[in-house]
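# What the coordinates show
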Amino acid sequence: MEKLEMLYEGKAKKVYATDDPELLIVDYKDDATAFNGVKKGTIVGKGVINNQMSNRLMQRLARGGVPTHFVKELSERETLVKRVKIVPLEVIVRNISAGSFAKRYGVEEDIVFDQPTIEFSYKNDELGDPLINSTHAMALHLATAEELDTIRRYAFRVNELLREFWASCGITLVDFKLEFGKLADGTIILADEISPDTCRLWDSVTKEKLDKDRFRRDLGGVEDAYAEVMRRLREHDE
Ligand code: TMP
């Protein structure tokens, strides 16, 4: 598979064309940003971990009935994926209060919900990814009612599958962000990445934060936390 021109450079990844119009190569960087790019830094080794972790988790999700963009891991930092048109929504599922939920509604972190919640943000850096509801998303033609139903169903299924898997690693899945894309024929599949950049992962016993909140909140030990999550994933992902 030939890596052709770079099509896009995001905050944490670069995307390249290939000689197959239906396939792209994603290249994971060590760059980290937070607060819509205001805070910038490097997490050494993050690109390798996020690439490998996301690929293993997506293969697990595919086995559990959630179609994904994953095709093949090409190198430590590079993966071949299906080309999709990204649905411009960040899909956030929460099991426990934290982050913007706790702030927005004026509640403590670490309140365990009776049922998981779902919310959408409009992926738009200029606007700061504002919270959006499904009728707004339809009004803006970001997705159809049917596509939103599929996305909601997949997002909750991802939560069930990942919550159970992370629990087996001694990790509590607090919340996470997904992005979905559309294939040329309109099929919705899971895209982007699933990693400590996009999930809140707490040690089940000590509640130690093992995710990007260590970077966002200047807690230190960022690299060690990512490595620890990867170590546990390897140990439990047969
Ligand atoms: P939040 O509490 O800041 O809204 O974050 C919810 C989840 O989404 C958390 O696991 C981190 C993840 N997330 C991203 O992946 N990208 C983002 O830009 C933001 C704001 C959150």
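For the structure itself, consult the block above.
Here's a quick rundown of the structure. (Residues numbered from 1 in each chain as written. Predicted model: local features only at pLDDT ≥ 70, side-chain atom pairs only at ≥ 80, totals over all residues. Heavy atoms only, no water.)

## A closer look at the sheet that holds strand β7 (residues 78-82)
As a reminder of what qualifies: Should DSSP find at least two bridges between two strands, the strands are regarded as paired. Labels follow the DSSP assignment, with helices taken as runs of H or I lasting at least four residues and strands as runs of E lasting at least two, numbered in each case from the N terminus. Helix axes are fitted to C-alpha atoms over the stretch in contact, other axes to C-alpha atoms as well, and angles between N-to-C directions run from 0 to 180 degrees. Contact between two residues is taken to exist if any of their heavy atoms lie within 4.5 Å; hydrogens are not considered.
One open sheet accounts for five strands, arranged β1-β2-β3-β7-β6; its pairing is antiparallel. Looking at which strands have only one partner, the edges of the open sheet turn out to be β1 (3-9) and β6 (70-73). Pairs of neighbouring strands in the sheet enclose a mean axial angle of 30°, with direction left out of account. Taken strand by strand, helix α1 (residues 46-63) contacts β3 (23-28), β6 and β7, and its axis lies near 130° from that of β6.

## Notes on unusual backbone geometry
Applicable threshold: Burial status follows relative accessibility: with a 1.4 Å probe on protein chains alone, a residue under 20% of its type maximum counts as buried, one over 50% as exposed, and anything between as partly exposed.
Despite not being glycine, H141 has its phi angle at roughly 55°, a positive value. On the secondary structure map, H141 appears in the loop between α3 (134-139) and α4 (145-168). Given a relative accessible area of 73%, H141 falls into the exposed group. Of note in this structure, K207 is not a glycine but carries a positive phi near 65°. Mapping K207 onto the fold places it in the loop between β14 (199-203) and α5 (213-216).

## A word on the packing of α1 against α4
Note the following rule: For classification purposes, an angle smaller than 35 degrees is called roughly parallel, one larger than 145 roughly antiparallel, one from 65 to 115 roughly perpendicular, and anything else oblique. Note on convention: near helix rotated counterclockwise from far helix by under a right angle means a left-handed crossing. Clockwise means right-handed. Side-chain classes follow a simple rule in which Ala, Val, Leu, Ile, Met, Phe, Trp, Tyr, Cys and Pro form the nonpolar group, Asp, Glu, Lys and Arg form the charged group, and the remainder, Gly included, forms the polar group.
Between α1 and α4, the least distance of the axes is 10 Å, while the angle of their chain directions is 120°. Relative to α4, α1 is oriented oblique. Judged by the sense of rotation from one axis to the other, the crossing of α1 with α4 is right-handed. Residue-level inspection shows M53, L57, R60 and L61 of α1 in contact with α4, the latter providing V158, L161, L162, F165 and W166. Of the residues belonging to the contact of α1 with α4, the class tally is eight nonpolar, no polar and one charged.

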